[in-house]
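Read off the chains here:
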Amino acid sequence: MTRIIAVANQKGGVGKTTTAISLAAALAIMERRTLLIDCDPQANATSGLGFGADTLSRHLYSVLLNPEEAMQSVLPTQVPFLFLLPSCSNLAGAELELVNSDDREFVLKKILQNIGNHFDYIILDCPPSLGLLTLNALCAAGEILVPLQSEFFALEGLVKLFRSYEQIRKRLNPTLALLGIVLTMYDARNRLSRQVQEEVKRCFPEHLFPVVIPRNIRLSEAPSHGKSILHYDIKSKGAEAYLQLAQEVVRRHPLR
């Protein structure tokens, strides 16, 4: 059974795309057939895996308009077991084009129902907003993974995200489960990072992943080389953390 995981946070700059790319790459290293879908018009996940978004003729935007092209639009990457459905800047107009469609929140879900059996995991990198693209991702997903930056304002954003999550469960996708919260950009020397960790642990004890993603210069460098951190510097602390996260993701909900 394919597991579909949306990596989402309404706040930008929390390490969401880095988490989506790195988790997908780590699952691929574990020899799980993994599809990363770039749902963000900024196309950072696409460029982060070495593809030029605006040089591609097929991408998520074209698939939303022509769902029968979904599998033909999936690209193999340089990493065995890792595949990409890329984004492009035109995806920004998709919300306007879909707004009058019937079942507009479920377009992506219908697409994934036709291609999901080709993969063990599908990772959805969501935009940093709760627009129609993110709603499509959360209606298609079975689980949501929330990257949370280790800072005070991120906690405020988390409260807003969980209100939205509960509304989506109630109205659109009752089977959507919270896979977990992972702290990103964590600095153990910083008292605020530790305070944020303790507060999240207090409020969501069952959902906070024990592994934290550290502030790491190698994580920042990897996208400019078109590689995940695991293929840029496997020995870095960032790579080690994401491997641990992937192992925990597999352990929490093993494939059936």
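For the structure itself, consult the block above.
Note that the structure is a prediction, hence the values are computed from the model and not measured.

(A) View of the overall build of the chain. Counting its secondary structure elements, the chain contains 11 helices and 7 strands. Computed over the C-alpha atoms, the radius of gyration of the chain is 17 Å, within 12% of the 18 Å expected from 2.2 N^0.38 for a compact globule of 256 residues. Over its C-alpha atoms, taken along the principal directions, the chain stretches across nearly 50 × 40 × 35 Å. Relative to its full complement of 256 residues, the chain shows a buried share of 54%. Pairs at least 24 apart in sequence give 77% of the contacts found in the chain among residues at least 6 apart.

(B) Structural detail: the environment of Leu230. Looking at where Leu230 falls in the secondary structure, it is placed in helix α10 (residues 229-232). When the C-alpha atoms of Leu230 and Lys16 are compared, they prove to be 16 Å apart, with 214 residues separating the residues in sequence. For Leu230, the contacting residues outside a window of four places in its chain are Ser22, Ala25, Ala26, Ile29, Ala239, Tyr242 and Leu243.

(C) The nonpolar core, seen in detail. Among the nonpolar cores identified, the biggest contains 52 residues, and Leu35, Ile37, Leu64, Leu112 and Leu124 are the most heavily contacted of them. Considering each element in turn, this core owes the most residues, 7 residues, to helix α7 (residues 152-171). Ignoring anything within four residues of it in the chain, the contact list for Leu64 reads Leu91, Ala94, Leu98, Val107, Ile111 and Leu133. Membership of the second largest hydrophobic core comes to 37 residues, among which are Val79, Leu219, Ile229 and Val249.

(D) Structural view of helix α11 (residues 237-252). In a regular helix each residue adds 1.5 Å, so 16 residues correspond to 22 Å; α11 covers 22 Å between its end C-alpha atoms and thus fits that length. Those residues of α11 that sit buried are Gly238, Ala239, Ala241, Tyr242, Leu245, Ala246, Glu248, Val249 and Val250. In this structure, the buried residues of α11 make contact with β1 (3-7), α1 (16-29), β5 (121-125), β7 (177-184), α9 (217-221) and α10.

(E) How the structure looks around the sheet that holds strand β6 (residues 143-149). Spatial ordering of the open sheet is given by β3-β4-β2-β5-β1-β6-β7, a layout of 7 strands whose pairing is mixed. Across the chains shown, the open sheet's two edge strands, defined by having one partner strand only, are β3 (75-76) and β7. Where β1 meets β5, 5 bridges bridge the pair, whose relative direction is parallel. Pairing of Arg3 across the sheet is with Tyr121, part of β5. Where helix α5 (residues 107-115) meets the sheet, it contacts β1, β2 (34-38) and β5, and its direction lies at approximately 155° from that of β5.

(F) Fine view of α7. With 20 residues, α7 should reach 28 Å at 1.5 Å per residue; the first-to-last C-alpha distance of 30 Å fits that figure. Among all positions of α7, only Ala154, Leu155, Gly157, Leu158, Leu161, Phe162, Ser164, Tyr165 and Ile168 are buried. The inward-facing, buried residues of α7 contact α6 (132-140), β6, β7 and α8 (191-203).

(G) Examining the pattern of salt bridges more closely. Scanning the entire structure with this criterion turns up 11 salt bridges. For Glu198, the salt bridge goes to Lys201, with nearest N and O atoms at 3.8 Å. Of this pair, Glu198 and Lys201 are both found in helix α8, 3 residues apart, which corresponds to roughly one turn of the helix. A residue is classified by how much of its surface remains accessible, and Glu198, at 45% relative accessible area, is partly exposed. Here Arg218 makes a salt bridge to Glu221, at a shortest N to O gap of 2.8 Å. Remark: Glu221 and Arg218 occur in helix α9; sequence separation between them is 3 residues, near one turn of the helix. Because the salt bridges share partners, they merge into one network encompassing Arg218, Glu221 and Asp233.

(H) Highlighting the pairing of β7. Across the 8 residues that make up β7, a large majority, 7, are buried. Two strands pair when backbone bridges link them, and β6 and β7 are joined in this way by 7 bridges, in the parallel orientation. Its bridge partner lying in β7, Val146 is registered against Ile181. Each parallel crossover has a hand, and for β6 linked through α7 to β7 it is right-handed.

Calculation rules
Residues numbered from 1 in each chain as written. Predicted model: local features only at pLDDT ≥ 70, side-chain atom pairs only at ≥ 80, totals over all residues. Heavy atoms only, no water. Helix = DSSP H or I, 4+ residues; strand = E, 2+ residues; numbered from the N terminus. Rg over C-alpha atoms; globule rule 2.2 N^0.38 Å. Buried < 20%, exposed > 50% of the residue type's maximum accessible area, 1.4 Å probe, protein only. Contact = heavy atoms within 4.5 Å. Core = buried A, V, L, I, M, F, W, Y, C linked by side-chain atoms within 4.5 Å. Expected span 1.5 Å × (residues − 1). Pairing = 2+ DSSP bridges. Axes fitted to C-alpha atoms, helices over the stretch in contact; angles between N-to-C directions. Salt bridge = Lys/Arg side-chain N within 4 Å of Asp/Glu carboxyl O. Right-handed = clockwise from strand over helix to strand, strands pointing away.

From the geometry alone we can't say anything about function, so treat these as descriptive.
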